[in-house]
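What follows is each chain in one-letter form.
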Amino acid sequence: MESNELFGSRKMWHHLDRIAQWQNGKLPYPVAIQMDVTNRCQHACPNCQCSVVVGKAKIELPVAIARRTITEFAECGVKSITFSGGGEPLLYGETPLLELMHLAHGCDMDVALVTNGNAMTDFQGFASVCRWIRYSIDAHDAESFTRMHGLKAFDKVMENLKSLCKKKYITTTVGVGILTKPEFGREWYMNCCRTFAEIEGLDYIQFRPVVHWDKQPAPSDEYQCIEEARNVYQIDKFFVVASEEKYSALNLPHFGRTYTRCHASFLHCTIGADACVYICCHGQGRPEYKLGDLHYASFADIWNGDLAASVRNTLNTLECLPACHLHGQNCQLQRLLKTPLHKNFI
Ligand code: SF4
Ligand code: SF4
């Protein structure tokens, strides 16, 4: 496995059937779904990317809607579901969460989990059903964890991570997510890699830039720092990964957006804990990104409905979060829209 096989936009080329449909003006069903089962979280991260929806008022995806929708995804040919946040998925309860995961798995969809790891107890249960699990740790020691997560839980989360790595199967990938900011400096990447490279069974560390809707990110050399850390710490069984596309985008005019419509929105969407379908994970809780409400309609009706079409046709991506989830895919599809000169001469 190469480090860039885990992340990056080129995976979309393994779904050429859907891309061909899109090129022919059709709307395929998505490959991947993010499902957020609760908006609650016991952590208080100052850089929480979902602060619009993570709140004190409890919102949980009703189990009946979750079950029904997972079955509908299977009928639509969806390939994977990532249980993530918008909130901490384990606070939904391990038993109901595992039940939904097994339902999806039984319907031939791949399952994954993104968690802060704090409340995990059934390590074997999650390891047995998930293709991959990522702990968002964003720190390399107790002090940096408290700063990044707003509470003291580094030792517990590390203990849980080690327990999960011991229980994981050969087919389960376990990783750690780390947020970065330009002002963190080179030491941040080295310290994080040093801490996690020592954990037996951990497959990768992933760096992601902190971005905000309302603040312009500063130009950065963060990707260069990541490459330096990779040169020191990446070994056969431990990968140092990051999206070069996203880090590069932060240094480009309009954050590298060569597109004004989210072409790639046919590949992915998000179900919020409020049972609404959003065009992407970043749009949760934002009415202009909402495609419909599963309380009142099926997933297929929402996906093919007028509101969803209007959102796709009018949303101006230049107003979206920089370096977003589908940035790389959108750049590639924008290129595909332009017919090159003499296209038949290869
Ligand atoms: S753990 Fe995740 S969902 Fe919870 S506050 Fe931190 S970033 Fe937000
Ligand atoms: S934030 Fe990105 S993925 Fe979401 S709608 Fe905008 S361009 Fe698409």
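Structure: above.
Read on for a plain summary of the structure. (Residues numbered from 1 in each chain as written. Chains lettered and ligands numbered in written order. Predicted model: local features only at pLDDT ≥ 70, side-chain atom pairs only at ≥ 80, totals over all residues.)

## Here we look at the environment of Thr146
Thinking step 1. Here Thr146 is to be found in helix H5 (residues 142-149).
Thinking step 2. Every residue in contact with Thr146, bar those within four places of it in the chain, is listed here: Leu151 and Lys152. (Helix = DSSP H or I, 4+ residues; strand = E, 2+ residues; numbered from the N terminus. Contact = placed C-beta atoms within 7 Å.)

## Some points on the pairing of strand E7 (residues 239-242)
One face of the sheet, then the other: side chains in a regular strand alternate in exactly this way.
Thinking step 1. Neither face of E7 is open: one carries Phe239 and Val241, the other Val240 and Ala242, and all of them are buried.
Thinking step 2. Where strand E6 (residues 204-209) and E7 come together, 4 bridges link them in parallel fashion. Bridging from a neighbouring strand, Phe207 pairs with Ala242 of E7.
Thinking step 3. The handedness of the E6 to E7 crossover, carried by helix H8 (residues 222-233), is right-handed. (Buried ≥ 20, exposed ≤ 12 C-beta atoms within 10 Å, placed from the backbone. Pairing = 2+ DSSP bridges. Right-handed = clockwise from strand over helix to strand, strands pointing away.)

## A closer look at the site of ligand 2
Thinking step 1. Around ligand 2, the structure places 14 residues, and the nearest of them are Cys262, Cys280, Cys320, Cys324 and Leu326.
Thinking step 2. Each residue belonging to the shell around ligand 2 can be placed in one class, and the counts come to 8 nonpolar, 6 polar and no charged. (Near = placed C-beta within 6 Å. Nonpolar A, V, L, I, M, F, W, Y, C, P; charged D, E, K, R; others polar.)

## As for the sheet that holds E6
In a beta sheet, neighbouring strands pair by backbone hydrogen bonds and run either parallel or antiparallel.
Thinking step 1. With respect to topology, 10 strands assemble into an open sheet ordered E7-E6-E5-E4-E3-E2-E1-E8-E9-E10, the strand pairing being mixed. Edge positions in the sheet fall to E7 and strand E10 (290-293), since each of these pairs with one other strand and no more. Taken pair by pair, the neighbouring strands of this sheet meet at an average axis angle of 20 degrees, ignoring direction.
Thinking step 2. Against the sheet, helix H7 (residues 186-197) contacts strand E5 (173-180), E6 and E7, and its axis sits at roughly 155 degrees relative to E6. (Axes fitted to C-alpha atoms, helices over the stretch in contact; angles between N-to-C directions.)

## Re the environment of Arg10
Thinking step 1. With respect to the element layout, Arg10 can be found in the segment before helix H1 (16-23).
Thinking step 2. By C-beta crowding, Arg10 is classed as partly exposed, having 13 other C-beta atoms within 10 Å.
Thinking step 3. Taking C-alpha positions, Arg10 is 7.4 Å from Gln329, a pair spaced 319 residues apart along the chain.

## Some words on the site of ligand 1
Thinking step 1. Close to ligand 1 lie 13 residues; Cys41, His43, Cys45, Cys48 and Asn116 are nearest.
Thinking step 2. The residue inventory of the shell around ligand 1, partitioned by class, reads 6 nonpolar, 6 polar and 1 charged.

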